Amino acid sequence: MQEDKSTFATNPSLLRRIRDAGDQQAWQLFEKTYRGLIRDFCKRKGLQEADVADVTQEVLIKVARAIRSFEYDPARGRFRDWLGSVVCGRLADFFARGGQESSGHRDDRSAVDLAQQVADSDPDWTGTFHHYILQAAIERVRSHFDPQNWKAFHEVWVGGRGPAEVAAELGMTVSAVYVAKHRVLKRLQQEVVNLAEDLPALFAGSTQGGC
């Protein structure tokens with residue numbers, strides 16, 4: 001199996017690296033990973049394209065200024081929720097200054113109600129966050145595995161197909177399919193944590209035996 005021997009677990013996470021204003025590579029990766037997430041969430045709240053771009057840039061500027069003081073502590077809150085509060089705070093400002101009219105619709109939610117969505121674990125934000133982080137992680141780790149093993153993982157874990165069926169189709173043993181899935185998931189988990197210092201529930205028990 002083609003797999004790089006280095007592991008992301010031995011490196012500082014992205015969220016720790018972007019605290020260093022001189023680490024431009026880290027910030028570029030952060031923007032690449034999170035800009036689409038922020039833009040998509042703003043669109044879901046009804047903003048037009050120009051407004052989406054403005055609010056997204058405001059959020060990124062806010063994050064760049066505030067990230068140095070952010071400390072990851074699951075007992076106090078995740079980065080996911082912190083970022084969500086920043087996004088909803090910018091959206092609340094947008095609506096408060098009459099932005100709802102420029103977006104072609106009115107929204108009667110108060111700024112407090114809007115920001116409270118994330119504090120209450122708004123499934124819309126949480127789901128969007130996890131989707132984007134998972135897709136970013138998949139894009140980054142895919143090149144570390146050969147096509148056959150990657151397809152075995154994808155067909156079983158993403159496609160929900162049976163290991164025996166996939167093994168027969170790819171000319172692999174069932175055991176090899178299990179091993180491929182386990183190794184890719186382990187690497188994928190490491191990269192998700194690297195990008196977000198968080199691990200969505202969909203990974204629970206996914207690398208502990210079984211398939």
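Before reading further, recall that the structure is shown in the block above.
In this text the structure is predicted, and so the values were computed from the model without any measurement.

The rules behind the values
- Residues numbered from 1 in each chain as written.
- Predicted model: local features only at pLDDT ≥ 70, side-chain atom pairs only at ≥ 80, totals over all residues.
- Heavy atoms only, no water.
- Buried < 20%, exposed > 50% of the residue type's maximum accessible area, 1.4 Å probe, protein only.
- Helix = DSSP H or I, 4+ residues; strand = E, 2+ residues; numbered from the N terminus.
- Arc of directions from axis to C-beta.
- Core = buried A, V, L, I, M, F, W, Y, C linked by side-chain atoms within 4.5 Å.
- Contact = heavy atoms within 4.5 Å.
- Axes fitted to C-alpha atoms, helices over the stretch in contact; angles between N-to-C directions.
- Parallel < 35°, antiparallel > 145°, perpendicular 65-115°, else oblique.
- Nonpolar A, V, L, I, M, F, W, Y, C, P; charged D, E, K, R; others polar.
- Expected span 1.5 Å × (residues − 1).
- Left-handed = near helix turned anticlockwise from the far one by under 90°.

What's the story with helix 9 (residues 163-170) in this structure? I'm lost.
Because the α-helix completes a turn every 3.6 residues, residues three or four places apart line up on one side. All of the buried residues along helix 9 are Pro163, Val166, Ala167 and Leu170. Buried residues of helix 9, viewed axially, fall in a sector of 100°; they line one side.

Would you mind going over the nonpolar core with me for this structure?
Across soluble globular proteins, you tend to see nonpolar side chains buried next to one another. Counting 45 residues, the largest nonpolar core has Phe30, Tyr34, Leu83, Phe129 and Leu188 as the members making the most contacts within it. When contributions to this core are tallied by element, the ones reaching two or more residues are helix 1 (14-17), helix 2 (24-44), helix 3 (49-66), helix 4 (79-96), helix 7 (123-141), helix 8 (147-158) and helix 10 (174-196). Broken down by element, this core gets its largest block of residues, nine residues, from helix 2. Apart from the residues lying within four places of it in its own chain, the contact partners of Leu188 are Leu134, Ala137, Ile138, Val141, Phe153, Trp157 and Phe203.

What exactly am I supposed to notice about the packing of helix 8 against helix 10 here?
Packed helices, taken two at a time, are described by the angle their axes make and the gap between the axes. Look at helix 8 against helix 10: their axes get within 8 Å of each other, and the N-to-C directions meet at 85°. Taken as axis vectors, helix 8 and helix 10 run roughly perpendicular relative to one another. On the side of helix 8, the interface is formed by Asn149, Trp150, Ala152, Phe153, Val156 and Trp157, while helix 10 contributes Val177, Ala180, Lys181, Val184, Leu185 and Leu188. In terms of residue class, the contact of helix 8 with helix 10 is built from 10 nonpolar, one polar and one charged.

Would you mind showing me how to read the environment of Glu139 here?
Note that Glu139 resides in helix 7. Glu139 gets classed as exposed once you look at its relative accessible area, which sits at 53%. Between the C-alpha atom of Glu139 and that of Leu188, which follows or precedes it by 49 residues, the distance is 9.8 Å.

It is not clear to me how helix 10 should be interpreted in this structure. Could you clarify?
Helix length check: helix 10, at 23 residues, gives a terminal C-alpha distance of 33 Å against a target of 33 Å (1.5 Å per residue), a fit within 8%. In the stretch just after helix 10, Glu197 is the one whose phi turns positive, near 50°.

For this particular structure, what's the right way to read the side chain of Glu155?
Relative to the elements of secondary structure, Glu155 occurs in helix 8. Given a relative accessible area of 16%, Glu155 falls into the buried group. With residues up to four places along the chain from it excluded, the contact list for Glu155 reads Gly160, Arg161 and Val166.

Would you mind going over unusual backbone geometry with me for this structure?
Peptide bonds are, in most cases, trans, and in most cases residues other than glycine have a negative phi. Positioned with a positive phi, Glu197 is a non-glycine residue whose angle comes to about 50°. Relative to the assigned elements, Glu197 resides in the segment after helix 10.

What exactly am I supposed to notice about the packing of helix 7 against helix 10 here?
It is at 9 Å that the axes of helix 7 and helix 10 come closest, and there the two elements cross at 120°. The angle between helix 7 and helix 10 falls in the class oblique. The handedness of the crossing between helix 7 and helix 10 comes out as right-handed. Contacts between helix 7 and helix 10 involve Phe129, Ile133, Leu134, Ala136, Ala137, Ile138, Arg140 and Val141 on the former and, on the latter, Arg187, Leu188, Glu191, Val192, Asn194, Leu195 and Ala196. For the contact of helix 7 with helix 10, the per-class residue count stands at 11 nonpolar, one polar and three charged.

It is worth stressing that arrangement in space is one thing and function is another; only the former is reported here.
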